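Inside the fold
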Amino acid sequence: MVSNYHCRIAALSERRVKQDQSKVENTLSENRQSKVEEDFTNFFDGTRMDAWEKMQTSYSFKEQIEAAYEKMKEARGAIFELGKEVTRIFCLYQQKTSISYSVCLRRQESQYPVEAVDALMMILKETAPKCNLDCLVEDVIQVVKEKWNRWQEKEKLVRNSRLSRAVGHLHKPLFQEYIKASIRLTWRMVTQTPPLKLEYQSLYLQQCHKKTGYHTSPEVCTLVKGTPDQHQEEEIACYLWPGLFDGEGRCIRKGEVLCKIRGNTE
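Residues numbered from 1 in each chain as written. Predicted model: local features only at pLDDT ≥ 70, side-chain atom pairs only at ≥ 80, totals over all residues. Heavy atoms only, no water.

Looking only at helices and strands, the protein features 7 helices and 7 strands. Starting at the N terminus, the α and β elements of the protein follow one another as α-α-α-α-α-α-α-β-β-β-β-β-β-β. A burial count over the protein gives 40% of its 266 residues as buried. Relative to all contacts within the protein whose residues are 6 or more apart in sequence, the contacts with residues 24 or more apart total 79%. As displayed, the protein has an accessible area near 15900 Å², and 52% of this comes from carbon and sulfur atoms. (Helix = DSSP H or I, 4+ residues; strand = E, 2+ residues; numbered from the N terminus. Buried < 20%, exposed > 50% of the residue type's maximum accessible area, 1.4 Å probe, protein only. Contact = heavy atoms within 4.5 Å. Areas by Shrake-Rupley, 256 points an atom, 1.4 Å probe, with all protein chains shown as cover.)

Structure below.
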């Protein structure tokens, strides 16, 4: 009786570890979270700056990793849904045959074997560093182009002629390698359990941001009536680099931003 109880506790603990490894780390794993966090910092300080210096343009290095992140989230979600459907069909097939498998469902209303899908996501995590993701490069390039085009249409600034030239750089070898590196890193991020998250959509400055200065363009400013209030929340003009959070919302690295200069309407 006691032995069965211990086995059940051990199985429950193992299942929870598979679903959330943010507090427990396998030091033998090739895709452990602490290594991904370290590589994210090195990517910002190393790979990104190398590409920036060689291309001599500051356009959209953050957009590329954001675009890669968005595509990797979609890919992970698609694999997760496919895994659920395949295992659900397998369970239906099992019911129609004499073959018996021991499959644990977390809830009675679940239509797929939770443990099987957890195992699939664990395999994704462990194999993430070795995956060939080159097939997604063109998808990421397309997302970056769309972001740039929306920005160009919105801003209508003279410097957009430089932005148009930068679009042509996307198919150059250096940019291609940078995009591939962004894809590899973000795939390792989203396959963590739970997934790491990029933050790049806040409108106002928060504690999870590092303000590096102000956007100097007169077209990008916060207009207020009367004397600007020093205690008023500062609006973010743009992100220089996204922030990184773990699956529980803990800030791992602050996002670097430029804020809007406050202007007086009177």
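Structure's up, so let's keep going.
In total, this model carries 0 disulfides according to the counting rule given. Free of any disulfide, Cys 208 has its nearest cysteine sulfur in Cys 251, 5.8 Å distant. Taking relative accessible area as the criterion, Cys 208 reaches 11% and is therefore assigned buried. In this structure Cys 238 is a free cysteine whose sulfur lies 9.2 Å from that of Cys 259, the closest cysteine sulfur available. (Disulfide = S-S within 2.5 Å.)

Pairing in this open sheet of 3 strands is antiparallel, and the strands run 1-5-6 from one edge to the other. Each edge of the sheet is formed by a strand with only one pairing partner; in this case those strands are strand 1 (197-199) and strand 6 (251-253). Geometrically, the sheet is characterised by an average inter-axis angle of 40 degrees between neighbouring strands, direction not taken into account. As judged from the 2 bridges shared by strand 5 (residues 243-245) and strand 6, these two strands associate in the antiparallel manner. Bridging from a neighbouring strand, Leu 244 pairs with Arg 253 of strand 6. (Pairing = 2+ DSSP bridges. Axes fitted to C-alpha atoms, helices over the stretch in contact; angles between N-to-C directions.)

The tally for this structure, following the rule as stated, stands at 4 aromatic pairs. On the basis of an interplanar angle of 40 degrees and a centroid distance of 6.1 Å, the ring pair of Phe 40 and Trp 241 is categorised as tilted. Of this pair, Phe 40 sits in helix 2 (residues 33-55) while Trp 241 sits in strand 4 (residues 236-241); the two residues are 201 residues apart in sequence, bridging distant segments of the chain. By relative accessible area, Trp 241 is classed as buried at 0%. (Phe/Tyr/Trp six-rings, centres within 6.5 Å; stacked < 30°, edge-to-face > 60°.)

The next point concerns helix 7 (residues 173-190). For helix 7, with 18 residues, the first-to-last C-alpha span of 26 Å sits near the 26 Å given by 1.5 Å per residue. Most of helix 7 is tucked away: 13 of the 18 residues are buried. (Expected span 1.5 Å × (residues − 1).)

Let us look at the pattern of salt bridges. Pairing is possible between side chains of opposite charge, provided their charged atoms come close. Within this structure, the stated rule accounts for 12 salt bridges. Across the salt bridge formed by Arg 253 and Glu 256, the nearest N and O atoms sit 3.7 Å from each other. When its relative accessible area of 17% is taken as the criterion, Arg 253 is described as buried. Where salt bridges share partners, they join Lys 35, Asp 39 and Arg 188 into one cluster. (Salt bridge = Lys/Arg side-chain N within 4 Å of Asp/Glu carboxyl O.)

Before going further, it helps to examine the nonpolar core. Among the nonpolar cores identified, the biggest contains 38 residues, and Phe 40, Ile 183, Met 189 and Leu 198 are the most heavily contacted of them. Residue assignment for this core shows that the elements contributing at least two residues are helix 2, helix 3 (61-95), helix 4 (114-127), helix 5 (137-155), helix 7, strand 4 and strand 7 (255-264). Here this core takes 8 residues from helix 7, the largest share from any one element. Beyond its immediate chain neighbours, meaning those up to four positions away, Leu 198 contacts Phe 40, Ile 65, Tyr 69, Met 189, Pro 242, Gly 243 and Leu 244. (Core = buried A, V, L, I, M, F, W, Y, C linked by side-chain atoms within 4.5 Å.)

Another aspect to go through is the side chain of Glu 199. Locating Glu 199 in the fold gives a position in strand 1. Not counting chain neighbours up to four residues away, the residues in contact with Glu 199 comprise Cys 208, His 209, Tyr 239, Pro 242, Gly 243 and Phe 245.

Right, let's talk about unusual backbone geometry for a bit. Cis geometry is found at the peptide bond from Thr 193 to Pro 194, where omega equals -5 degrees. Structurally, the position occupied by Pro 194 is in the loop between helix 7 and strand 1.

It is worth spelling out the environment of Gly 249 at this point. Along the chain, Gly 249 falls in the loop between strand 5 and strand 6. Taking the relative accessible area as the measure of exposure, Gly 249 reaches 48% and is therefore partly exposed. Separated by 53 residues in sequence, Gly 249 and Leu 196 place their C-alpha atoms 8.9 Å apart.

Looking now at the environment of Arg 250. Tracing the chain through its elements places Arg 250 in the loop between strand 5 and strand 6. Between the alpha carbons of Arg 250 and Cys 208 there is a distance of 9.4 Å; along the sequence they are 42 residues apart.

Moving on to the confidence of the model for the protein. Confidence in the prediction for the protein averages 76 pLDDT; 63% of positions are at 70 or higher. Per-element mean pLDDT across the protein ranges from 55 in helix 1 (residues 2-19) up to 96 in strand 5. Low pLDDT, under 50, characterises residues 105-109; the predicted model gives this stretch 7 contacts beyond four residues in sequence or across chains. (pLDDT = per-residue confidence, 0-100.)

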